[in-house]
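Chain and residue survey
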Amino acid sequence: MFDHSGANDGTPRTGDPPSGPTSDRRVAVVGSPEWAADLAACGAPLGTVVAGPVTPAPVPDSARDLLAVRMTVALMVPADTEAEAVDRIRVLEQLKAACAAAQAREAAALHTLRRTAEAARGVPAERQGRGLGGELGLARGESPHRGSRQLALARALSEDLPHTLTALSEGSISEERAGVVHRETAWLPTSTARRRVDTALVDWLPVLGTQQLAMAARELAVEQDPAAAAEHFDTAVAERRVTVRAADHGMATLTATLPLAQAAACHRALTESATRLVALGEAEGRTPAQVLADTLVERLTGQATASATPVEVHLVMTDRALLGGEETPARVPGYGSLPAPVARRIVVDTDADVFLRRLYTAPESGQLVAMDSRRRTFPALLRRMIVLRDELCRTPYCNARIKHLDHATAHAAGGQTSWDNASGLCARCNYAKENPGWTHSAGPGQLTVTTPTGHRYRHATPPLVHAGQSPPPSPRGRFPGFTPLHFTTRQITALLDAT
């Protein structure tokens, strides 16, 4: 798999650690002969390379052992030769894939353990495992949606795609390409059909690119069950939608997921209209791409010009930045910061109506001033303030839009309808917190989520307007004075044992 000049003959290269009796270097090979070839190409003495299920070195069997491995990699000194740098980049990419495979196996095991435990407690089968995707997303530092997708991938790899899981474990494919195989086979109605596709792809997995692999897997899947394929296409049409997400520099991306023929017809109509305007000299200095974008806005909104579009945008800026020329950045909740000059242009350079609403923030923290209610439901003004404060779903790592405003401590459990006890959440996260074992603890500046396993995840609420304080200096590290040259994996493990 490595093919740079100067094939290794067992002699350590420049920069290799010594291989004598005092060396801490050990080689563990589990699996295919290709692993032995990779180790040999990286300079492992040939006498220590064993092709087969032999494990002379200890295999990590706990989170503590994995933490030691992670710290060892993090402290690695960069290579001093080009060939060694390329070797390391390749092996590190394979290591990422092997970690993804191990993570998938752990996620599948977690799913089995959770369902078994809940079945023993008498939880109905249809309710077993609820909220597990959200837990997995929190553990991975990702959104609940991505956590659920990763859980589905993990189960598919463990149950239906053994060859794909093996290729991922050996580092011959990436997690993205494993996900492609899952996506193109998930709609097949039987595990047997998915396994047949997986077997047919075994020789192509390491050599096909992502798009080629998707096309090959799709073709094989359609051959397995043409009737189910047609039904799957009909289901995809039923899931047509339009979404919007923030982009860089005050822009946003509007996406329409449509049937192919309809999408092509929309694009052709917009292109013909924009081309006609350019040909007639009515572009007014705009590029064809800009005319196309403006035509889209005008067609969708029915306005004569794109700048006259009436829409409510919560643009948050200080009165001094709006009227006095101060350069404090503004914010569009859910989208991020805007330079003050850009925010002023949004307010001034528009043909639409502009409304101003005064909100008051605490000068020390930049947070909105609190407001409480005696009612169970949140009144309109308090709801508006909470949405402005939280911007997006308040669950750590979740970037979904706010759909529900709810009590962190349930109203039935004594939680107040107050600024301190309120959270803006997406529907998925709000439903997840109602599952057994989940708790939310909130204040205006922080939300703490506790999952059924006892793990806690905290999300700090950013100030609506920065109060001008400088961020605290970051520490030099958890272990001051340690450098990459101080530690081996064994020493790190001993340190973790001591703590």
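Quick note: structure is the one above.
The rules behind these values
Residues numbered from 1 in each chain as written. Predicted model: local features only at pLDDT ≥ 70, side-chain atom pairs only at ≥ 80, totals over all residues. Heavy atoms only, no water. 1 Å grid on protein atoms, 1.4 Å probe; cavity = no way out; pocket = protein on both sides within 12 Å on 5 of 7 lines; lining within 4 Å. Points joined across faces, edges and corners; volume = space filled by probe spheres on them. Helix = DSSP H or I, 4+ residues; strand = E, 2+ residues; numbered from the N terminus. Nonpolar A, V, L, I, M, F, W, Y, C, P; charged D, E, K, R; others polar. Pairing = 2+ DSSP bridges. Salt bridge = Lys/Arg side-chain N within 4 Å of Asp/Glu carboxyl O. Buried < 20%, exposed > 50% of the residue type's maximum accessible area, 1.4 Å probe, protein only. Arc of directions from axis to C-beta. Contact = heavy atoms within 4.5 Å. Axes fitted to C-alpha atoms, helices over the stretch in contact; angles between N-to-C directions. Parallel < 35°, antiparallel > 145°, perpendicular 65-115°, else oblique. Left-handed = near helix turned anticlockwise from the far one by under 90°.

This paragraph deals with empty space enclosed by the protein. Counted according to the given criterion, the structure contains two cavities of 30 Å³ or more. Its boundaries defined by the atoms lining it, the largest cavity holds a volume of some 80 Å³. Contributing to the lining of the largest cavity are Ala 100, Gln 103, Ala 104, Ala 107, Leu 136, Arg 140, Gln 150, Leu 153, Ala 154, Leu 157, Leu 168 and Glu 175. Forming the walls of the second largest cavity are Gly 134, Leu 138, Pro 144, Thr 395, Cys 429, Ala 432, Trp 438, His 440 and Val 449. Elements supplying a minimum of two residues to the lining of the second largest cavity: helix H4 (132–140) and helix H16 (427–432). Tallied by class, residues from the lining of the second largest cavity come to six nonpolar, three polar and no charged.

Moving on: the pairing of strand E9 (residues 456–460). Here five bridges tie strand E8 (residues 446–450) to E9, and the two strands are oriented antiparallel to one another. Pairing of Val 449 across the sheet is with Tyr 457, part of E9. Between E8 and E9, which pair antiparallel in sequence order, lie five residues; one of them, Gly 454, sits at a positive phi of approximately 90°.

In total, this model carries 17 salt bridges according to the counting rule given. Between Glu 142 and Arg 146 there is a salt bridge, with the nearest N and O atoms lying 3.6 Å from each other. A relative accessible area of 36% means that Arg 146 is categorised as partly exposed. Each of Arg 140, Glu 142, Arg 146 and Glu 175 takes part in one network of salt bridges that share partners.

Further remarks concern helix H8 (residues 191–200). Those residues of H8 not exposed but buried are Ala 193, Arg 194, Val 197 and Asp 198. For H8, the buried positions fall inside an angular range of 140° around the axis, keeping them on one side. Of the surrounding elements, those touching the buried residues of H8 are helix H6 (162–169), helix H7 (175–185) and helix H9 (210–224).

Buried within helix H15 (residues 380–390) we find Leu 382, Met 385, Ile 386, Leu 388, Arg 389 and Asp 390. Those residues of H15 that are buried are in contact with strand E5 (404–407) and strand E6 (422–425). Of the residues one or two after H15, Glu 391 is the one with positive phi, at around 65°.

Our next topic: the packing of H8 against H9. At their nearest, the axes of H8 and H9 sit 10 Å apart, and the two run at 140° to each other. On the basis of the axis angle, H8 is oblique to H9. The two elements H8 and H9 meet at a crossing, and its hand is right-handed. Every residue of H9 that contacts H8 at Ala 193, Arg 196, Val 197 and Ala 200 is listed here: Ala 217, Leu 220, Ala 221 and Gln 224. Residues that form the contact of H8 with H9 fall into these classes: six nonpolar, one polar and one charged.

Let's shift gears to the sheet that holds strand E7 (residues 439–443). With antiparallel pairing, the three strands of this open sheet are ordered in space as E7-E8-E9. Sheet topology places E7 and E9 at the edges, where each strand pairs with a single neighbour. The mean inter-strand angle of the sheet, taken between neighbouring strand axes irrespective of direction, is 15°.

So, about unusual backbone geometry. With a phi angle near 65°, Glu 391 is a residue other than glycine that sits in the positive phi range. Summarising the element assignment, Glu 391 is placed in the loop between H15 and E5. For Glu 391, a relative accessible area of 13% puts it in the buried group. Its identity as a non-glycine residue notwithstanding, Tyr 397 has a phi of 75°, on the positive side. Relative to the elements of secondary structure, Tyr 397 occurs in the loop between H15 and E5. When its relative accessible area of 42% is taken as the criterion, Tyr 397 is described as partly exposed.

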